[in-house]
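Secondary and tertiary structure notes
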Amino acid sequence: MADPSWLERNKDLLEPIATLISVPVSFVLITVAGSIIGYFLQKNLFNHQKTRDSIERSYNERRDVFDKLSIILDRRIYQYRQIVYGWWRNDPDWVEREFSALRNILFEWNGQINSIYGKVQIFFGPSLRNELEIGVGTQMRKVQRLLEEKKRGQAGAKSSNDIWKEIDILNGKTDALYRHMLNVIDNDALLINGNRKKRKRF
């Protein structure tokens, strides 16, 4: 153990040495601490960017599915109305022309719908797939059947006005599906912008 009297006598000599030692030690400690902090900041930034990129991909994929679905659904509903409008006009040529256009839309629909069902399942979940396939799909098949029955002149076929009302019901189910899908897409957009508070369209 150092003699206190010796330490006191050599105080002037020891102080510069202690200062000289403390400078590099402090530098090393600051460097190490800075490196550790920098590592964690960089790691957090990387993880944040990775999460943001994932959300952006999800947003773009969902938006693409929504756009494709809404286009083909809206075209089919519009064509239903065109057929009924032809009956209101009492114009057989108009009706035949619109049925022909509907057949082309149905051909396109049948070529895409299984893929769309699968993508809705993946990007929007089973609940919205059921809403599309069962809610919207069931009503759509009903309208299609009513149109075909009236075109054939089948006994008990619904009137044009009754079919129009069924198309309105289909339109309402479709609009509800769109709102639910857009809520999911909007929440992705909010996450991208750093706002995790959910926003609903209804």
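As shown above, the structure is provided for reference.
This text gives an overview of the structure that appears in the document. (Residues numbered from 1 in each chain as written. Predicted model: local features only at pLDDT ≥ 70, side-chain atom pairs only at ≥ 80, totals over all residues. Heavy atoms only, no water.)

Turning to the overall build of the protein chain, a few remarks are in order. On a plain count of helices and strands, the protein chain comes out with five helices and zero strands. Counting helices and strands in the order they occur from the N terminus, the protein chain gives α-α-α-α-α. The proportion of buried residues among the 202 residues of the protein chain is 32%. The contacts of the protein chain with a sequence gap of at least 6 include a subset with a gap of at least 24, amounting to 69%. (Helix = DSSP H or I, 4+ residues; strand = E, 2+ residues; numbered from the N terminus. Buried < 20%, exposed > 50% of the residue type's maximum accessible area, 1.4 Å probe, protein only. Contact = heavy atoms within 4.5 Å.)

Its place among the elements puts Gln 154 in the loop between α4 (126-152) and α5 (160-192). Exposure remark for Gln 154: the relative accessible area of 34% places this residue in the partly exposed category.

So, on to the pattern of salt bridges. Two side chains with opposite charge may pair up if their charged atoms get near one another. According to the stated counting rule, one finds 11 salt bridges in the structure shown. The partner of Glu 96 in a salt bridge is Arg 103, and the shortest N-O contact between them spans 3.6 Å. A relative accessible area of 37% places Glu 96 in the partly exposed class. Between Glu 98 and Arg 97 there is a salt bridge; the shortest N-O distance is 3.8 Å. Under the relative-accessibility criterion, Arg 97 is labelled partly exposed at 44%. Through salt bridges that share partners, Glu 96, Arg 103 and Lys 151 make up one connected network. (Salt bridge = Lys/Arg side-chain N within 4 Å of Asp/Glu carboxyl O.)

On to helix α3 (residues 92-124), then. Side chains that are three or four residues apart share a direction in an α-helix, a result of its 3.6 residues per turn. With 33 residues, α3 ought to run about 48 Å at 1.5 Å a step, yet its terminal C-alpha atoms sit only 42 Å apart, falling short of that. The sharpest bend along α3 comes to roughly 45°, located at Gln 112. Sitting at the head of α3, Asp 91 places a side-chain oxygen 3.2 Å from the backbone nitrogen of Asp 93. A positive phi of about 95° marks Gly 125, the residue just after α3. (Expected span 1.5 Å × (residues − 1). Bend = angle between axes of the 7 residues up to and from the residue. Polar contact = N/O pair within 3.5 Å; in protein donor to acceptor, adjacent residues only side chain to side chain.)

A few words now on the nonpolar core. Formed by 36 residues in total, the largest nonpolar core has its most connected members in Leu 73, Val 120, Leu 132 and Leu 147. When residues of this core are traced back to their parent elements, those giving at least two are α2 (11-89), α3, α4 and α5. Every residue in contact with Val 120, bar those within four places of it in the chain, is listed here: Val 65, Leu 69, Gly 125, Leu 128, Arg 129, Leu 132 and Met 181. (Core = buried A, V, L, I, M, F, W, Y, C linked by side-chain atoms within 4.5 Å.)

The geometry of a pair of packed helices is captured by two quantities: the angle between their axes and the separation between those axes. Their axes nearest at 11 Å, the elements α3 and α4 cross at an angle of 165°. As far as their axial angle goes, α4 and α3 are roughly antiparallel. Crossing geometry of α3 relative to α4 is assigned as left-handed. For the pair α3 and α4, the contacting residues are Glu 96, Phe 99, Leu 102, Leu 106, Trp 109, Ile 116, Tyr 117, Gly 118, Val 120, Gln 121 and Phe 124 in the first and Pro 126, Leu 128, Arg 129, Leu 132, Glu 133, Met 140, Gln 144, Leu 147, Glu 148 and Lys 151 in the second. Of the residues belonging to the contact of α3 with α4, the class tally is 13 nonpolar, three polar and five charged. (Axes fitted to C-alpha atoms, helices over the stretch in contact; angles between N-to-C directions. Parallel < 35°, antiparallel > 145°, perpendicular 65-115°, else oblique. Left-handed = near helix turned anticlockwise from the far one by under 90°. Nonpolar A, V, L, I, M, F, W, Y, C, P; charged D, E, K, R; others polar.)

What follows is about the side chain of Thr 174. By the element assignment, Thr 174 lies in helix α5. Within the structure, the side chain of Thr 174 is placed 2.9 Å from the backbone oxygen of Leu 170, a separation counted as a polar contact. Dropping the residues within four chain positions of it, Thr 174 is found in contact with Leu 73, Ile 77 and Val 136.

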